[in-house]
Amino acid sequence: MSQNNEWENPEKIDRNKEKGRTAFFLYQNLSTALRGDWESSPLTQNLNGAWKFNIVKNPQARPQDFFKVDFNDHSWSEIQVPSNWELEGFDTPIYTNITYPFPKDPPFIKGDYNPVGSYRRTFDIPSNWNDKEVILHFGSISGYARVFVNGQEVGMTKASKTPAEFNITDYIHVGENVLAVQVTRWHDGSYLEDQDFWRLSGIERDVYLQASPKFAVWDYFIQGGLDKEYTTGILDATIDLRKFNKAKVRNASLVFELFDHQNSKVFSSAKEIHSNTKDVDFHAELENVHRWSDESPYLYTYTIRLDNKNEKSTYITGKIGFRKVELKNAQLLINGKPLMVYGVNLHEHHQTKGHVPDLETMRKDIELMKQHNINAIRMSHYPHGADIYKLCDEYGLYVVDEANIETHGMGAEWQGGFDKSKHPAYLPQWEAAHLDRIERMAKLNKNHTSVISWSMGNECGNGPVFYKAYDWLKQYDPSRLVMFEQAGENENTDIVAPMYPGIGHMKAYAQARDKTRPYIMCEYGHAMGNSTGNFKEYWDIIHSSDHMQGGFIWDWVDQGIKTVDENGVEFFAYGGDLGGYDLQNDENFCANGLVSADRSVHPGLYEVKKFYQRINFKFNQQANALTVSNDYLFTGLKDNFKFHWELLKDGRVAQRGQFVLDLKAGEQSTVKLPISDIAEEELFLNVYAVNAKETAFIPLGHELAREQFKLGTHDYFENAAMASQGSLKYKKQGAQLVFESEDIQGVFDLEKGGLSSYGYKNDKASVITSFPEPYFWRAPTDNDFGNQMPSRLGAWKKAQQSANVTKVNLQRKTAAGLPIQVEFHLGEVDIPYTVSYLIQNDGSVKITASMDFGEKELPELPRFGMRMVLPGQFENLSYYGKGPWENYQDRNHASFVGIYESTVADQFVWEYIRPQENGYKTQVRWIKLQDASGKGLAITGLQPLGFSALNVSTETLDAGMRKAQRHTSDIHPEDKVYLHVDYKQRGLGGDNSWGAMPHKPYRLKESSYAYSYIMKPL
């Protein structure tokens, strides 16, 4: 292989770059070290901030002498570092999933578009650094970067997402110095960075100088393990020392100390060192240590002090926990207990800064995760910045750390055939680049207790290099497991970690008795848009087998970029926006989160929280006995949780109570509840577990578990169609049927086959402006687009538009009221459709819609229902059904049946980055829409209903056959209420968003449908 350009040579992975090591700061006093105030250390200089910046379209146009000390950069722009230049007003951000953003021909970057950004700034070196080695640290540079100091080239780096460090001691002088960096957006390493995210460039993590003594701690590996009984802590620390030129070592010693939360010293050891000492080991066995877990993330503080008579002492501090990761009996164990992974995948993403999340955003992520029962993160698909690992250590989240390798555009195992003669994972000239990224990940984050497993990459093939890397990881760090999806069930993974497995695949593995490794899905539950359906089906299988141990949802946060439209209205941009419409893009496929880019919660997260809860309930109605299972591994319920229960009668609270339990981890207990006699009402028992004391990120009284039980045998709908009382009068006036009861009047159009007026006698305006009409369509969700619903089921969209009245039959009045039967022909699908009206004696109208396909083969229905429109003033909504948040038939287990009050405006789910079907409710008994005076409309189901009430029509939300690059800023609520009253709507699905259907129980594939509801003004 021959290349003229260094940025197109995979065998040149870097130049003069220091080998990977753990990240730490040096201090000259202990108090500053313990505060972690690195910017106050006299041994550190922060180079973040404003840099001079220039960008050109391609390498041919790059400034050749930009690095010279006397180069005139006055005409250059300024840019903040760290940042991604595309989000600072330079160049175009590109979102693509699999397809490379440049013509594919590894290792070459073809075409004339490959922007180059040039950076310059100055820094001052103090005179007291004269006797130091000075290391220039870049936390991450995205792109091929050449680094210059004072006009001389220091080195080169290609791999992003891990630090690039250069020893610049021989290039600097006391006083002002010039630092220049030139970054080429794409290079051979970009073939290994084909992750499903925004393709962004530049110096994207902290930049600083570290002044190190000539004889210094250079790296260290601290492991806090446990003995076989999981009670005694096993401390092993290896400290690597580095001796630079001109180092003087005299009466030197290395001191390692460990402190608990009360700042009590639990271990201290000092060892004499000499000029030829390269590493020092410390070992201790500490009885009855506090163990670290996600439930109780106890950390000890360590200090490392290097004393040398010829230097000031230097201090390093950090935190370590004691925990043990094992693989036994086909299970992943933490501290001897089988771990259930309630996980999510996490990309680095900030709503305006892209790949430069700030500490506040990271803390918000951790807070929301802890409050919604998430206990694990897969760092997809690269090592993240240091702060997120520290937060996971401190607040308790298990981490799978992943190497910055994805070559999806070249092909991936288990996703069809690909050309291994061209795939980097199978070619020896790319081997060093792969191994380097994996080794740098492990060496960087090895001291984080939260990291329990390494991943060698994502969708990157499983060539020979990954077998070598697996062996290296197991030798370098036997304390952790390796989880590698691309290995399948080959030997180079400790965990079988499929992505988006089918239910059949899951069941087969769960039922197998010859498996030796746990099954933990690296990606599942694709949460794109209105999704996360059939979550229960996953967890029923997971709970059926001990070696099924959960998984990581794809994914946590929508990768939306906050921007404004031409009218100044904010929205979140996705692929094809921000100037990238004509470039390779994958639209909103970057928005698969359980939360939005601003961290607002999507309704699907409540369903996840429900199935991720670790307190569960069963109820024996005959004995009024509630069984509580404590599924935490290490946490007892006493003092940590309080329990509340409430009994609902026809949706309203009739009894309340509370209790506490002294229940140890893994145990269950039964509590008898003082529920009164079962009455002739519909009864539900709600049970909640809430936080009994405030903890980090989880406030006092925060709910962490819930369940609802239906009690008794009473059928709410049994008497819903009882004969109404009143005196109904009617008369025909041509094609109009005029009717009235004591206080209600209306007009039925016998020609058009529907109501034309309806309401109270004294009301001038009708409560309904568009009366019920057949409606079978929904605005396609992202999953719908993925399974081609607009084309496959499009006949039903046309069917509702082609509903022609063929017959109106005004029948004889009966004791129940006046029946009218209207027959339609649905031209597009060529079947009959019938609506039967019964104008009841009290003026209410019972409506029954029915449809029979006969022998005709038709596509499944998106929904079976009717729609009506009310004036906007009827904005006050109350209903008796599942709520309070949006729910669908395959995503309603976290939603409880009850009476809820809200407004129509609050029903719309603005959190979905692309407008689509939203705001639905299931298992509904009745619905009321009222104005400020209390007037309005009531709908009562004669069986459970589904409904939505929005100020936005389905037609407005429907993008058509393609997604059409639409955003929330395109949606303008109307002064109307679009009320859908349905029998059912198809489920959401969520297995994936590129073809998977909702599961069969949640699809409308019957050959006939009928349902009824009663409508009455209020």
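Residues numbered from 1 in each chain as written. Predicted model: local features only at pLDDT ≥ 70, side-chain atom pairs only at ≥ 80, totals over all residues. Heavy atoms only, no water.

**A look at the domain arrangement of the protein**
(1) Moving on: Segmenting the protein into domains produces domain 1 (6-212), domain 2 (215-320), domain 3 (325-414 + 446-561 + 590-610), domain 4 (614-711) and domain 5 (729-1017).
(2) Moving on: Distance from the C-alpha centre of domain 3 to the C-alpha centre of domain 5: 40 Å.
(3) Moving on: The interface is formed by 27 residues belonging to domain 3 together with 28 residues belonging to domain 5.
(4) Moving on: Between domain 3 and domain 5, the buried area comes to about 2300 Å², and carbon and sulfur atoms account for 57% of it.
(5) Moving on: Along the contact surface separating domain 3 from domain 5 lie zero salt bridges. (Domains from an automatic or database assignment. Contact = heavy atoms within 4.5 Å. Buried area = accessible area lost by both parts, 1.4 Å probe. Salt bridge = Lys/Arg side-chain N within 4 Å of Asp/Glu carboxyl O.)

**Examining the packing of aromatic side chains**
(1) Moving on: Tallied over the full model, the rule gives 72 aromatic pairs.
(2) Moving on: Taken together, a centroid distance of 4.7 Å and an interplanar angle of 10° make the contact between Trp472 and Tyr476 stacked. Within this pair, Trp472 and its partner Tyr476 are both found in helix H5 (residues 464-476), separated by four residues, close to a single helical turn.
(3) Moving on: Through a chain of ring-to-ring contacts, three or more aromatic side chains come together here, namely Phe776, Trp796, Phe824, Tyr833, Phe853, Phe864, Tyr983, Tyr1009, Tyr1011 and Tyr1013.
(4) Moving on: Here Lys161 stacks its cationic end above the ring of Tyr382, 4.7 Å away from the centre of that ring. (Phe/Tyr/Trp six-rings, centres within 6.5 Å; stacked < 30°, edge-to-face > 60°. Helix = DSSP H or I, 4+ residues; strand = E, 2+ residues; numbered from the N terminus. Lys NZ or Arg CZ within 6 Å of the ring centre and 35° of its normal.)

**Focus: the UniProt feature "domain: Beta galactosidase small chain/" (unreviewed entry) in the protein**
(1) Moving on: According to UniProt, the "domain: Beta galactosidase small chain/" (unreviewed entry) feature falls on residues 738-1016.
(2) Moving on: The span residues 738-1016 shows a helical share of 8% and a strand share of 46%, and its end C-alpha atoms are spaced 16 Å apart. (UniProt positions renumbered as here; feature names shortened; annotations may be inferred.)

**Observations regarding the pairing of strand E30 (residues 398-402)**
(1) Moving on: In terms of residue burial, E30 counts as a mostly covered element, since five of its five residues are buried.
(2) Moving on: Of the two faces of E30, the one lined by Tyr398, Val400 and Glu402 and the one lined by Val399 and Asp401 are each fully buried.
(3) Moving on: The pairing of strand E29 (residues 376-379) with E30 spans three bridges and is classified as parallel. Each residue of the ladder has a partner; that of Ile377, found in E30, is Val399.
(4) Moving on: Handedness of the crossover joining E29 and E30 through helix H3 (residues 386-395): right-handed.
(5) Moving on: Where E30 lies against strand E31 (residues 451-455), four bridges are found, and the strand directions are parallel. Note that in E31 the partner of Asp401 across the bridge is Trp454.
(6) Moving on: Handedness of the crossover joining E30 and E31 through helix H4 (residues 431-445): right-handed. (Buried < 20%, exposed > 50% of the residue type's maximum accessible area, 1.4 Å probe, protein only. Pairing = 2+ DSSP bridges. Right-handed = clockwise from strand over helix to strand, strands pointing away.)

**Digging into the side chain of Glu682**
(1) Moving on: Position of Glu682 among the secondary structure elements: in the loop between strand E41 (668-672) and strand E42 (683-691).
(2) Moving on: A polar side-chain atom of Glu682 sits 2.6 Å from a polar atom in the side chain of Tyr880.
(3) Moving on: At a separation of 2.5 Å, a polar atom in the side chain of Glu682 contacts the side chain of Arg925.
(4) Moving on: Setting aside residues no more than four positions away along its own chain, Glu682 makes contact with Leu648, Lys649, Asp650, Lys710, His714, Tyr716, Tyr880 and Arg925. (Polar contact = N/O pair within 3.5 Å; in protein donor to acceptor, adjacent residues only side chain to side chain.)

**A closer look at the pairing of strand E44 (residues 729-733)**
(1) Moving on: Both E44 and strand E45 (residues 736-740) contribute to a ladder of five bridges, which runs antiparallel. For Tyr730, the partnering residue across the bridge sits in E45 and is Phe739.

**Quick notes on unusual backbone geometry**
(1) Moving on: For the bond running from Pro106 to Pro107, omega is 5°, close enough to zero to count as cis.
(2) Moving on: Among the structural elements, Pro107 can be located in the loop between strand E6 (104-105) and strand E7 (108-109).
(3) Moving on: The omega angle of the peptide bond from Ser380 to His381 is -15°, so this bond is cis rather than trans.
(4) Moving on: A positive phi angle, close to 55°, is found at Asn150, a residue other than glycine.
(5) Moving on: In this fold, Asn150 is placed in the loop between strand E11 (144-149) and strand E12 (152-157).

**Quick look at the environment of Gln511**
(1) Moving on: Among the structural elements, Gln511 can be located in helix H6 (residues 503-511).
(2) Moving on: For Gln511, a relative accessible area of 57% corresponds to the exposed category.
(3) Moving on: C-alpha separation for the pair Gln511 and Leu473, spaced 38 residues apart in sequence, amounts to 31 Å.

**A word on the environment of Ile438**
(1) Moving on: Take Ile438: it is sitting in helix H4.
(2) Moving on: When sequence neighbours within four positions are dropped, the list of residues in contact with Ile438 reads Ala403, Ile405, Met456, Phe466, Ala469 and Leu473.

**Description of the environment of His972**
(1) Moving on: Inspection of the secondary structure assignment puts His972 in the loop between helix H12 (954-957) and strand E58 (976-985).
(2) Moving on: By relative accessible area, which is 56% here, His972 ends up exposed.
(3) Moving on: The spacing of His972 and Arg513 is 459 residues in sequence and 56 Å in space, taken between C-alpha atoms.

**Some words on the pattern of salt bridges**
(1) Moving on: By the definition in use, this model includes 55 salt bridges.
(2) Moving on: Here Lys214 and Glu133 are joined by a salt bridge, their closest N and O atoms 2.5 Å apart. Highlighted residues: Lys214 in the loop between strand E17 (207-212) and strand E18 (215-226) and Glu133 in strand E9 (residues 133-138), separated in sequence by 81 residues.
(3) Moving on: Note on Lys214: relative accessible area 12%, which makes it buried.
(4) Moving on: You can call Glu133 buried: its relative accessible area is 7%.
(5) Moving on: The salt bridge involving Lys797 is made with Asp958; its shortest N-O contact spans 2.7 Å. Separated by 161 residues along the polypeptide, Lys797 in helix H11 (residues 794-801) and Asp958 in the loop between H12 and E58 bring together distant segments of the chain.

**Re the sheet that holds strand E38 (residues 625-630)**
(1) Moving on: Read from one edge of the open sheet, three strands run E37-E38-E41, paired in antiparallel fashion. Of all the strands in the sheet, just strand E37 (615-620) and E41 have a single pairing partner and so form its edges. Each neighbouring strand pair of the sheet contributes to a mean axis angle of 25°, computed without reference to strand direction.
(2) Moving on: Relative to E41, E38 is paired through five bridges, and the arrangement is antiparallel. (Axes fitted to C-alpha atoms, helices over the stretch in contact; angles between N-to-C directions.)

**Digging into the packing of helix H7 (residues 535-542) against helix H8 (residues 604-611)**
(1) Moving on: Orientation of H7 relative to H8, taken along the N-to-C sense of each, is 15°, at an axis distance of 10 Å. One way to sum up the angle between H7 and H8 is to call them roughly parallel. Between H7 and H8 lies a crossing whose hand is right-handed. Within the contact between the two elements, H7 uses Phe535, Lys536 and Trp539 and H8 uses Glu607, Val608 and Phe611. (Parallel < 35°, antiparallel > 145°, perpendicular 65-115°, else oblique. Left-handed = near helix turned anticlockwise from the far one by under 90°.)

**Details of the sheet that holds E12**
(1) Moving on: Spatially, E1-E12-E11-E14-E8-E3-E4 is the arrangement adopted by the seven strands of the open sheet, whose pairing is antiparallel. Strands with a single pairing partner mark the edges of an open sheet, and in this sheet they are strand E1 (14-15) and strand E4 (77-81).
(2) Moving on: Relative to strand E14 (residues 175-184), E11 runs antiparallel, the two being bridged by six bridges. What sits directly across from Val149, in E14, is Leu179.

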